[in-house]
Amino acid sequence: MKPDKLLQTVGRFAPSPTGPLHFGSLVAAVGSYCLARRDGGKWLVRIEDLDRPREVAGAADLILSTLERLGFEWDEPPVYQSRRIARYKEVLKRLQAGGHVFPCACSRREILASAPHPGEEGPVYAGTCRQGLPPGRSPRSLRLRVPGDSLLFVDGVFGEVEQCLASAVGDFVLRRADGLFAYQLAVVVDDADSGVNQVVRGADLLHSTPRQIYLYACLGWPVPRYVHLPLALNAGGDKISKRQGEAATHHVGGDGRVLAQALRFLGQEVPAELTQAPPGEILRWGVEHFCLEAVPRENRIACIDEAAAVCI
Ligand code: GLU
């Protein structure tokens, strides 16, 4: 047996508290839970409340209580990113000491003007401040210097994914102009500190993964396994999001039927008679039967039973 097979799987669910739990997030919770527990692993919850201005008061508690009512059990007290700022500072210092970080004076408008081709997530940073700040300019953000070669990883659902950080995103922000630490840094520090070795989440983060893998490499930390799940779309074809003020039906209550729907969304053949079972039983079925090979790659409109997904 290879030594890494002896390592216990540690999975996690990392919702942002920008609203109540919605069906799109539930899919990530169900997938990460079943895949961690199937292997006898641990499952952790982290509240990604770094971006305080976007946070909705009470949403974190609401998400946790909904998860609890649906039968999820986490092995450690939830981690709150907002309480870990000192740790992000420390890791940023380490990256700075390693020569990976540079201050950048560019505003959003300047970056837009200097980036001829849009990348996957907006303009690609042209490297304006890479060799030092232009005369008379003061630093706004801190960026990580990225390499010019391609990075390849194997995703549990999407297979081989290749990205050249330099051409797809450019040197990326670790600390924003408003002083907030960027998601890309926080997620790596948090997952590494919690011993997470299996990251299961929505496919909207597939193209963030090479940035995160590169950060692991800069820090000399072991890279987790990645599994990206198809996204649940609303009737308009957009990702279901807490921020868009989605129809109440996309918010998830404590009715177990929505768990069966999330499992079916992930290609799992939940027996019809289980649909009416208590949540804990449906989740247990998922843990015992979850088949990664059955998970489709395509994002799809979520056909969820309105009676089951009640607003809370
Ligand atoms: N906080 C992110 C979200 O709610 C997930 C981040 C992650 O799983 O890495 O979409």
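Everything below is about the structure shown above.
About the thresholds
Residues numbered from 1 in each chain as written. Predicted model: local features only at pLDDT ≥ 70, side-chain atom pairs only at ≥ 80, totals over all residues. Heavy atoms only, no water. Near = heavy atom within 4 Å. Polar contact = N/O pair within 3.5 Å; in protein donor to acceptor, adjacent residues only side chain to side chain. Areas by Shrake-Rupley, 256 points an atom, 1.4 Å probe, with all protein chains shown as cover. Nonpolar A, V, L, I, M, F, W, Y, C, P; charged D, E, K, R; others polar. Salt bridge = Lys/Arg side-chain N within 4 Å of Asp/Glu carboxyl O. Helix = DSSP H or I, 4+ residues; strand = E, 2+ residues; numbered from the N terminus. Core = buried A, V, L, I, M, F, W, Y, C linked by side-chain atoms within 4.5 Å. Buried < 20%, exposed > 50% of the residue type's maximum accessible area, 1.4 Å probe, protein only. Contact = heavy atoms within 4.5 Å. Pairing = 2+ DSSP bridges. Axes fitted to C-alpha atoms, helices over the stretch in contact; angles between N-to-C directions. Phe/Tyr/Trp six-rings, centres within 6.5 Å; stacked < 30°, edge-to-face > 60°. Lys NZ or Arg CZ within 6 Å of the ring centre and 35° of its normal.

Chemist: Hey, could you run me through the site of the ligand in this one?
Modeler: Neighbouring the ligand are Arg 12, Ala 14, Pro 15, Ser 16, Glu 48, Tyr 183, Val 187, Arg 201 and Leu 205. A distance of 2.7 Å separates a nitrogen atom of the ligand from a polar atom in the backbone of Ala 14. Starting from 300 Å² of accessible surface for the ligand in isolation, the protein chains cover 81%. Along the lines of polarity and charge, the residues of the shell around the ligand split into 5 nonpolar, 1 polar and 3 charged.

Chemist: Sorry if this is basic, but what is going on with the pattern of salt bridges here?
Modeler: In this structure the tally under the stated criterion is 17 salt bridges. Of the charged contacts in the structure, one is a salt bridge between Asp 51 and Arg 176, with a shortest N-O distance of 3.7 Å. With Asp 51 in the loop between β2 (42-47) and α2 (59-69) and Arg 176 in the loop between β10 (172-175) and α6 (183-193), this pair connects stretches of sequence that are 125 residues apart. One salt bridge in this structure joins Glu 55 and Arg 52, with 2.7 Å as the shortest N-O distance. Salt bridges here are not isolated pairs; linked through shared partners, they connect Arg 12, Arg 46, Glu 48, Arg 84, Arg 87, Glu 90, Asp 190, Asp 191 and Asp 193.

Chemist: What is the right way to read the nonpolar core from this model?
Modeler: The tendency in soluble globular proteins is for nonpolar side chains to be buried as a group. Counting 85 residues, the largest nonpolar core has Phe 23, Leu 26, Phe 72 and Leu 95 as its most contacted members. With 10 residues, helix α1 (residues 23-38) is the single largest residue contributor to this core. Apart from residues no more than four positions distant in its own chain, Phe 72 is found in contact with Leu 26, Ala 29, Val 30, Tyr 33, Trp 43, Leu 67, Leu 259 and Leu 283. Residues Phe 102, Cys 106, Ile 111 and Cys 129 belong to the second largest nonpolar core, which totals 7 residues.

Chemist: In this structure, what is going on with the sheet that holds strand β7 (residues 141-144)? I would like to understand it.
Modeler: Adjacent strands of a sheet form backbone hydrogen bonds with each other and so pair up, either parallel or antiparallel. Ordered by their spatial adjacency, 3 strands build an open sheet running β4-β7-β10, and the pairing between neighbours is antiparallel. Only two strands of the sheet have a single partner each, and these edge strands are β4 (101-104) and β10. Shown here is a sheet whose adjacent strand axes are inclined to one another by a mean of 45°, direction ignored.

Chemist: Teacher, can you tell me more about the packing of aromatic side chains here?
Modeler: When we look at a pair of aromatic rings, we describe it by the centre distance and by the angle of the planes. Within this structure, the stated rule accounts for 8 aromatic pairs. Each ring, one from Tyr 33 and one from Phe 72, has its centre 5.1 Å from the other, and the planes form 80°; the classification is edge-to-face. Here Phe 72 lies in the loop between α2 and β3 (79-80) and Tyr 33 lies in helix α1, a separation of 39 residues in the sequence. Of the two residues, Tyr 33 and Phe 72, neither departs from the other in class, the shared state being buried. Ring pairs connect the aromatic residues Phe 13, Tyr 33, Trp 43 and Phe 72, which therefore count as one cluster. Seen from the ring of Tyr 80, Arg 83 lies directly overhead, with NZ or CZ sitting 4.1 Å from the centre. The lysine or arginine in question, Arg 143, covers the ring of Tyr 125, its NZ or CZ lying 3.9 Å from the ring centre.

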